[in-house]
Structure formats: structure tokens, C-alpha cells
Amino acid sequence: MNIKWLAVTVLFCLGTVPLAVASPDDQQGIDHHADLKDRIFITNDDGSISLIQRVHDRFGMDYKETGQVQVGLVGPHWPANQYEGNPNWWWVGVPTGSIRGFKAERNAPLSDLAQPKNQMDVNTYTYDGVPTGLPIKGESFAGVTPNGKELWNSAREIDEIQEIDSDPHSPTFGQILTHIKVPLSAFAGTGSATQGKMRPCDMSIAPNGKYLFEPDLAGETVTAVDIRHKKVVSQLQLQPTVAGEKVRPFMLTTNGKLALVETLEGAGNYVVLDVSDPRHMRQIKSLTQADGLGIRPMTNEFSPDGKYAYLITNGSVSMPPVISVLDLSDLQIVNNIALANDCKPYAGDFSKDGRHFFVACSGNNTVAVINTHLQAMEQEVAISGTNPLPRGVIVR
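Parameters and conventions
Here, residues in each chain are numbered from 1, in the same order as that chain's written sequence. Side-chain atom pairs in this predicted model are given and counted only at pLDDT of 80 or more, local residue features only at pLDDT of at least 70, and totals for whole chains, interfaces and linings cover all residues. Here the side-chain values reflect all heavy atoms present in the structure, with hydrogen atoms and water set aside. Think of it this way: a Phe, Tyr or Trp ring, Trp meaning its six-membered ring, pairs with another when their centres are within 6.5 Å, and the plane angle makes it stacked under 30 degrees, edge-to-face over 60, tilted otherwise. Helix and strand definitions here come from DSSP, where helices need a minimum of 4 consecutive H or I residues and strands a minimum of 2 consecutive E residues; each element is numbered from the N-terminal end. For every residue, the accessible area (1.4 Å probe, protein chains only) is compared with the maximum for its type, and the residue is labelled buried under 20%, exposed over 50%, or partly exposed between those bounds. Lysine and arginine charges are scored as sitting over a ring when NZ or CZ, respectively, is within 6 Å of the ring centre and within 35 degrees of the ring normal. Cysteine sulfur pairs qualify as disulfides if the two atoms are within 2.5 Å. Note on contacts: a residue pair qualifies if any of its non-hydrogen atoms lie within 4.5 Å across the two residues. Here, strands pair whenever DSSP counts at least two bridges between them. Axis angles are defined between N-to-C directions and span 0 to 180 degrees, where every axis is a line fitted to C-alpha atoms and, for a helix, only to the segment in contact. Polar contacts, as counted here, are pairs of nitrogen or oxygen atoms within 3.5 Å of one another; within protein the pair requires one atom able to donate a hydrogen and one able to accept it, and residues that are adjacent in sequence qualify only if both atoms are side-chain atoms. Basic side-chain nitrogens of Lys or Arg form a salt bridge, by our definition, when they fall within 4 Å of a carboxyl oxygen of Asp or Glu.

Caption draft 1: Geometry of the packing of aromatic side chains. If you walk through the whole model with that rule in mind, you get ten aromatic pairs. On the numbers, 5.1 Å between centres and 80° between planes, the contact of Tyr63 with Phe358 is edge-to-face. Within this pair, whereas Tyr63 is found in strand 3 (residues 60-74), its partner Phe358 is found in strand 25 (residues 356-361), the two being separated by 295 residues in sequence. Across the pair, exposure class does not vary: Tyr63 and Phe358 are buried alike. Taken together through their ring pairs, the aromatic side chains of Phe41, Trp90 and Phe102 make up a single cluster. Positioned over the ring face of Tyr346 is Arg391, at 4.4 Å from the centre of the ring.

Caption draft 2: Region of interest: the state of the cysteines. Evaluated as defined, the whole model comprises one disulfide. Residue Cys343 pairs covalently with Cys361 via a disulfide, S to S 2.2 Å. Taking the torsion about the S-S bond as the criterion, the Cys343 to Cys361 disulfide, at about -80°, is left-handed. Taken together, the positions of Cys343 in the loop between strand 23 (332-338) and strand 24 (345-350) and Cys361 in strand 25 put the pair 18 residues apart, joining distant regions of the chain. The buried category is assigned to Cys343, whose relative accessible area is 0%.

Caption draft 3: Seen up close, the side chain of Asn314. Tracing the backbone shows Asn314 in the loop between strand 21 (308-313) and strand 22 (322-327). Residue contacts for Asn314: discarding those within four places in its chain leaves Ile295, Arg296, Met298, Pro321, Lys344 and Pro345.

Caption draft 4: Focus on the sheet that holds strand 27 (residues 376-382). The sheet built from four strands is open, its strands ordered 24-25-26-27 with antiparallel pairing. Since the sheet does not close on itself, it has two edges, and those belong to strand 24 and strand 27, each with one partner. Strand-to-strand, the axes of this sheet are offset by a mean angle of 25°, without reference to chain direction. In this sheet, strand 27 lies alongside strand 26 (residues 366-371) in antiparallel orientation, the contact comprising six bridges. When the sheet's bridge partners are listed, Asn371 is paired in strand 27 with Ala376.

Caption draft 5: Structural view of the side chain of Thr263. Along the chain, Thr263 falls in strand 17 (residues 258-263). Within the structure, the side chain of Thr263 is placed 3.4 Å from the backbone nitrogen of Glu265, a separation counted as a polar contact. Those residues in contact with Thr263, other than ones at most four positions away along the chain, are Val247, Arg248, Pro249, Phe250, Gly268, Asn269, Val271 and Pro297.

Caption draft 6: The arrangement of the pattern of salt bridges in detail. Across all of its chains, the model carries nine salt bridges by this definition. Where Arg391 meets Asp45, a salt bridge forms, and the shortest distance between an N and an O atom there is 3.0 Å. One end of the pair, Arg391, is in strand 28 (residues 390-395); the other, Asp45, is in the loop between strand 1 (40-44) and strand 2 (46-57), and 346 residues separate them in sequence. Exposure remark for Arg391: the relative accessible area of 15% places this residue in the buried category. Salt-bridge contacts for Asp226 lead to Arg279; the nearest nitrogen and oxygen are separated by 3.8 Å. Taken together, the positions of Asp226 in strand 14 (residues 221-226) and Arg279 in the loop between strand 18 (270-274) and strand 19 (282-287) put the pair 53 residues apart, joining distant regions of the chain. The exposure class of Arg279 is partly exposed, given its relative accessible area of 40%. Through salt bridges with shared partners, a single network forms among Arg156, Glu157 and Arg199.

Caption draft 7: Representation of the sheet that holds strand 15 (residues 231-237) within the structure. Spatial ordering of the open sheet is given by 12-13-14-15, a layout of four strands whose pairing is antiparallel. Whereas interior strands pair on both sides, the edge strands pair on one side only; in this sheet they are strand 12 (204-205) and strand 15. Summarising the sheet, strand 14 and strand 15 pair through six bridges and their orientation is antiparallel. Residue pairing in the sheet places Val222 in a bridge with Leu236 of strand 15.

Caption draft 8: Structural context of unusual backbone geometry. Notably, Leu331 is not glycine yet its phi reads approximately 55°, a positive angle. Along the chain, Leu331 falls in the loop between strand 22 and strand 23. Classification of Leu331 as buried rests on a relative accessible area of 13%. Notably, Gln375 is not glycine yet its phi reads approximately 50°, a positive angle. Position of Gln375 relative to the elements: it lies in the loop between strand 26 and strand 27.

Caption draft 9: Just the environment of Asp202, in detail. Along the chain, Asp202 falls in the loop between strand 11 (176-181) and strand 12. In this structure Asp202 comes out as buried when scored by relative accessible area, which is 9%. Apart from the residues within four sequence positions on either side, Asp202 is in contact with Phe141, Ser154, Phe213, Glu214, Pro215, Phe250, Met251 and Leu252. In this structure the side chain of Asp202 is engaged in a polar contact, spanning 2.8 Å, whose partner is the backbone nitrogen of Leu252.

So this is what it looks like as C-alpha cells:
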């Protein structure tokens, strides 16, 4: 045994040495926890992308913005961050009728994101066969399959679900491979030149990669698609908490067993679905403010350990924004993590080891860092710029 560590062992047994002994790596500021190596990309409304990393300095160890690059990513956007897919590529739905992919290799400089060769734009609204009168731009909400080879997208205003090739080694990389029309429900709207009749409004894929689920904002439904056979297999009409009210589902995340659906009913509710059998989805619960839910839900993410779901809510003038923590074992809200009053949270993502949850605060131009062990705010990271308006969070 090394003499140094023999001495440490003896002192430890005698109770005369601290429990934590710094290794040579620790003394040099190197930590081997996964979240210390994570790169957290923040997409901002001003067209920039910020990089946040956990760093050591003379004041300790904190998350900080370590760089920013302008890429022209204009307007509110939703990242496809449920699964990593190809680790060198990540994707963002853009409200100008497209999906944009970025190649961000682990050791490449942030400035590489601005180079055209490291971007892939997929036009999701203009293609042969679109009927006259439909818009040429609109919201897109994408999700990457667990194997990273396909990107499935909800093109909201043309009522379409699309399969996009996201395999950078494929000859059809960045092309739409499949178009699936969302079936009209009994509650479908009339549509217009700028809005669809069903308005599929999000995209979430089961961990086994076999099915996807999307909420239909104007259809009062959730639609399930068999990915392997590329067809709709079921459509569930959602029931409101108050008879006669509209549910208006607009966001959804699944872990393959449950789907948590944000709705615009009342002050904003959650519909909980059993989707373990996608052909026979069941509504099993609704969560409201009476259950401890925050006001005006925005989106949600399942924790990597499978124990919780973090429900991001925007709050109101009289109630601050919070992250409502849902215990998945009994579907009870067990905590509300307070965010800054002016946060206006938009989207979030977990560190790879699940130790931290990052939330983009579009209201005060910060990223909130949540300690998931304590279920409490740990830090706020300032995003540089005049008014960057952080939106998307992608951890790589």
C-alpha cells in the first residue's frame, strides 16, 4: 500500500482525520461527478445560445455561463431533449415552421454552432402536397427516438405528425420521411388559414421507442401513434374537471407508463393518463390547485431515477411560480419548489446524473438551478445580453 494512504488509513481508524480526504484530482479542481462534466445549452429568444458549465474558481464551485454565440434562432422554441439521441446533435422546434438541428461535439468550441455546416434546418410546413390556404409557417414540437435515428414532430397548424431522419450517417439526414394526418375528433375546431383543426401541440416518445403521444389543443384529445408501423392507433377524449368546460391540452410528457398532460382548463390543470397500453389509453386522475399544484403549468420532466415528475408552473401576480414535485408512486404532489417571482419559467432539463434540474427563466434572464436531493433552489445563473429571454434547456 502507498505510504501516504497507509498513514491516512491509520489516522482514520484513530478518528483523527476528517471523513473526506481530498484526492490529488480534487486538489487540482477536478471532480468526477457527471453533472460537473455536463454542458447545459440555453437557447435564447434573441437568437443566441448560451453555454452553462459547473466550474471551480476562488469562490468555490458554481454553475456559470461560460460562453454565448449568435445563431439567429429567433422566437420562442421548444427543445427536443427527452432523449439524447446522437450525442453530437440536438434539435429545437422553431415557430417559423421548421426544426433546427445543431452539431455540438463534446470538445468543440461553442462558436462552431454558428457555422452552417454544423446546422440542419428542416422545413416542416412547406412541401409538395400542402393544400392551398394553409400557413407556410407555424409551431413545431419535436421528440427524438431513444435510438437517435428518428425525430418525430407535431406540426401544429397543418394537423400533421412527421417522421424526420435524424441519423447524421444516413443519406436522407434532415428529410421528412413520413406524413401522418391527425384524425379529426368530435370536438375538432373549424380551423383557419393560420390554425389547424386539431392543433397537435407537443410530442413525447415512450422509452421503448415504439409509440409516441401528442396532445391536440383544439381536438380535446390525446393521439397515440405506432412508430414502427407509422400509423395512429388510438385517440382519447379527455374529460374536464368541471363539466361543460374545455380541457385544452397543450403539452405532454410520458415515461411509457404514464402521460402527464398540461391543460388550459381553469387555472391550469394536469390530466394523468395510463398509457401502458397505447391502444387503450385511460384517464386516471386530474391534478388541480386543490391538490397543491401551482398555477398555470407550462411543461414537465420525469426525473432520471423514475421517482418524481417536476411540473413547471408559471404562477400569477398573487402566487409565485413553482416547480410542483409529483411523487409517481402515489401521484401526490409532495413539494412546491419556489422560483423567483419574476422567473416566468419556460422549459427545463436534468443533469445526466439527476443531481440538478435546470429551468430557463425567461422573465429575469436567468437559469434556475434546482438541487434535486434537497428539492430546493441552489443557484441562479445570469444569462448575458440586453434581453436574451432564455427558453430552451438542453443538457449534453
